Amino acid sequence: MWWNRRIFGLSGYHVVLWFLVYSLMGWIVESVYMSICNRKLTNRGFAKGPFCPIYGVGALTVFFLLRPYSDQPFQLFLLGMILATAIEFITAVIMNRIFGEIWWDYREKPLNYKGIICLESSIAWGFYTLGLFFFLQNMVSSLVDALPVLVGKVGGTMILVIYLFDFLHAMYQEKKYRGAPMKE
């Protein structure tokens, strides 16, 4: 099982639970922000549950790849800008291939590329990277360490299984919706 494996020199247990925490936190931030923008409650997850896995993937990718620069704030900021923007761009390409759409649009922002990435967001990713290294990772790590390991493993497994079914159901619904004939 992944719980006992080593991932980039760290325990799989920690990496999996960090992924879950970052995915939940990403969903919260996105949903709150979009709820404010839309002036109504907005679920920014693909599926029904409170989970945005791109934030888990993004946070851990940035953390693992940029750890060697963790004591160099300026380089960390620039590299975080570039890496997170690349992740955002790749995510958009994959989403467009799978779903035929991208769930954000930066066309109204200055210095954007096809509405997929923009300078404003890239700069924000740089600051988020600093926050990840100087605050957030310590907080997430402490949260995971505070859990009894058995609770983390059982709870983490349950969350992953529930999310998998939720995601598969959402994919089925999306495919069914896309395959349905247009109503006039």
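- Per an unreviewed UniProt entry, the protein goes by the name ABC transporter permease and belongs to Dorea phocaeensis.

**Points about the packing of aromatic side chains**
Here is step 1: Counted according to the given criterion, the structure contains 11 aromatic pairs.
Here is step 2: One aromatic cluster is present, formed by Phe-8, Trp-18, Phe-63, Phe-64 and Phe-133 through successive ring pairs.

**Focus: the environment of Ala-84**
Here is step 1: Summarising the element assignment, Ala-84 is placed in helix H3 (residues 73-99).
Here is step 2: Here the alpha-carbon distance between Ala-84 and Trp-125, two residues 41 residues apart in the chain, equals 6.0 Å.

**A word on the packing of helix H2 (residues 53-66) against H3**
Here is step 1: Relative orientation of the contacting elements H2 and H3 amounts to 145 degrees, with a least axis distance of 10 Å. Considering the relative orientation of H2 and H3, their crossing is right-handed. Every residue of H3 that contacts H2 at Ile-54, Gly-58, Thr-61, Val-62, Leu-65 and Leu-66 is listed here: Leu-76, Leu-79, Gly-80, Leu-83, Ile-87 and Thr-91.
Here is step 2: A class-by-class count of the residues in the contact of H2 with H3 yields eight nonpolar, four polar and no charged.

**Considerations on the pattern of salt bridges**
Pairs can form between side chains of opposite charge whenever their charged atoms are close.
Here is step 1: The final tally for this structure, using the stated rule, is two salt bridges.
Here is step 2: Ionic pairing is found between Arg-107 and Asp-105, a salt bridge with its closest N-O pair at 2.6 Å.
Here is step 3: Owing to a relative accessible area of 58%, Arg-107 belongs among the exposed residues under this scheme.
Here is step 4: Given a relative accessible area of 43%, Asp-105 falls into the partly exposed group.

Scoring rules and cut-offs
- Residues numbered from 1 in each chain as written.
- Predicted model: local features only at pLDDT ≥ 70, side-chain atom pairs only at ≥ 80, totals over all residues.
- Heavy atoms only, no water.
- Phe/Tyr/Trp six-rings, centres within 6.5 Å; stacked < 30°, edge-to-face > 60°.
- Helix = DSSP H or I, 4+ residues; strand = E, 2+ residues; numbered from the N terminus.
- Axes fitted to C-alpha atoms, helices over the stretch in contact; angles between N-to-C directions.
- Left-handed = near helix turned anticlockwise from the far one by under 90°.
- Contact = heavy atoms within 4.5 Å.
- Nonpolar A, V, L, I, M, F, W, Y, C, P; charged D, E, K, R; others polar.
- Salt bridge = Lys/Arg side-chain N within 4 Å of Asp/Glu carboxyl O.
- Buried < 20%, exposed > 50% of the residue type's maximum accessible area, 1.4 Å probe, protein only.

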